[in-house]
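Results of the structural survey
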Amino acid sequence: MQGTPHIVSDVMTRTVVALARKATFKDIVRTMQRWKVSAMPVLEGGSRVIGVVSEADLLPKEEFRDGDPDRYTQLRRLADLVKAGAVTAEELMTAPALTVPAFATLGQAARIMALHKVKRLPVVDDEGGLQGIVSRSDLLKVFLRDDEDIAEEIRREIVAPLFPAPLDPIRVEVHDGVVTLTGTIADTGLVPVTTRLVRAVEGVVDADCALVSPRRPDPDLPDDGTERAAIGSRR
């Protein structure tokens, strides 16, 4: 599907602020403030991602600064207490790093973020080298696609292959990402799969496949044109 951003490398940010293993606590804070970021990958050898330092990794330093925690807190939050005493990126980072390959689909990246409750992921190549970073807002860029661009892709990649000889032209209309298909087709069994395929197109918000079958002759029915056979229900 030409023109559709299918994979992470299509939407990721390629200029990434990263840290060396020995970056100091204050250097990390300064870098975050300067570049207005809340997390940074930690690199080894100048490119391989080995961990990530986020604001959450830094906060224990302040949280436990003015007192010793009780025994219960020590047992429950041992990892945070260790970070409270850390002074370098290597000691502070969450490792191994949670990353995503550059060729991953946008859906795969979104599922990783949702599962692990993170806002961004370092993007890596096959050897773990840093390629960029992808955020939640990057994944939402697909919804900025032009309606006519979406409609043209659906006509070319879905309607044309599934319905090479429709009984009448199938109309594809898109308004604010919501797709409506109307027309008469010979096999309404294709309506569910058509709906699924349309909803899978990048930038589609919802889809309604109002495709119908020809009227079947029936002496008990008035001659009123076509018989509505199937409508793709909205989610």
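Only a predicted model underlies this, so the values are computations on that prediction, with no experimental measurement involved.

All right, on to the overall build of the chain then. Check the secondary structure of the chain and you find ten helices and nine strands. The buried share among the 235 residues of the chain stands at 40%. Relative to all contacts within the chain whose residues are 6 or more apart in sequence, the contacts with residues 24 or more apart total 55%. Working note: accessible area of the chain is about 13,900 Å², and carbon and sulfur atoms make up 54% of it.

Most of strand β9 (residues 206-212) is tucked away: seven of the seven residues are buried. Burial along β9 is two-sided: the face carrying Asp206, Asp208, Ala210 and Val212 and the face carrying Ala207, Cys209 and Leu211 are both buried. The pairing of strand β8 (residues 178-184) with β9 spans seven bridges and is classified as parallel. The partner of Val178 across the bridge, within β9, is Asp206.

To continue, consider the sheet that holds strand β5 (residues 120-124). Strand order in the open sheet made by the three strands is β4-β5-β6, with mixed pairing throughout. Only two strands of the sheet have a single partner each, and these edge strands are β4 (100-101) and β6 (130-135). Two strands pair when backbone bridges link them, and β5 and β6 are joined in this way by five bridges, in the antiparallel orientation. Pairing of Val124 across the sheet is with Leu130, part of β6. Together, β4, β5 and β6 form the strand contacts of helix α7 (residues 106-116), whose direction differs from that of β5 by roughly 135°.

Attention shifts here to helix α3 (residues 55-63). Those residues of α3 that fall on the buried side of the exposure criterion are Asp57, Leu58 and Pro60. An end-on view of α3 places all buried positions within 140° of arc, on one side of the element. Looking at α3, the residues exposed on the side facing more than 90 degrees away from the buried face are Ala56 and Leu59. The inward-facing, buried residues of α3 abut α2 (25-35), β3 (48-54), α5 (78-84) and α6 (89-92).

This part is about unusual backbone geometry. Residues Ala95 and Pro96 are joined by a peptide bond in cis, for which omega reads -5°. Among the secondary structure elements, Pro96 is positioned in the loop between α6 and β4. Despite not being glycine, Asp176 has its phi angle at roughly 55°, a positive value. Looking at the element boundaries, Asp176 is found in the loop between β7 (171-175) and β8.

The sheet built from three strands is open, its strands ordered β7-β8-β9 with mixed pairing. The open sheet terminates on both sides in strands that have one partner only, identified here as β7 and β9. Adjacent strand axes in the sheet meet at a mean angle of 10°, parallel and antiparallel pairs treated alike. Packing against the sheet, helix α9 (residues 147-162) makes contact with β7 and β8, and its axis sits at approximately 150° to β7. Lying over the sheet, helix α10 (residues 191-199) contacts β8 and β9, oriented at roughly 150° with respect to β9.

On to the packing of α2 against α3. Contact geometry for α2 and α3: axes closest at 11 Å, N-to-C directions at 125°. Of the possible angle classes, the one that applies to α2 and α3 is oblique. Viewed along their axes, α2 and α3 form a crossing whose handedness is left-handed. Taken together, the residues of α3 that come into contact with α2 (itself represented by Phe25, Ile28, Val29 and Met32) are Glu55, Leu58 and Lys61. Of the residues in the contact of α2 with α3, the class split is five nonpolar, no polar and two charged.

All right, on to the nonpolar core then. Counting residues in hydrophobic clusters, the biggest one holds 19 residues, and the most contacted among them are Ile154, Val172, Val179 and Leu181. Looking at this core, the elements that each hand over two or more residues are α9, β7, β8, α10 and β9. Looking at this core, the element that brings in the most residues is α9, giving five residues. Residues contacting Val172, with those up to four places away along its chain left out, are Ala151, Ile154, Arg155, Val159, Val179, Thr180 and Leu181.

Rules and cut-offs
- Residues numbered from 1 in each chain as written.
- Predicted model: local features only at pLDDT ≥ 70, side-chain atom pairs only at ≥ 80, totals over all residues.
- Heavy atoms only, no water.
- Helix = DSSP H or I, 4+ residues; strand = E, 2+ residues; numbered from the N terminus.
- Buried < 20%, exposed > 50% of the residue type's maximum accessible area, 1.4 Å probe, protein only.
- Contact = heavy atoms within 4.5 Å.
- Areas by Shrake-Rupley, 256 points an atom, 1.4 Å probe, with all protein chains shown as cover.
- Pairing = 2+ DSSP bridges.
- Axes fitted to C-alpha atoms, helices over the stretch in contact; angles between N-to-C directions.
- Arc of directions from axis to C-beta.
- Parallel < 35°, antiparallel > 145°, perpendicular 65-115°, else oblique.
- Left-handed = near helix turned anticlockwise from the far one by under 90°.
- Nonpolar A, V, L, I, M, F, W, Y, C, P; charged D, E, K, R; others polar.
- Core = buried A, V, L, I, M, F, W, Y, C linked by side-chain atoms within 4.5 Å.

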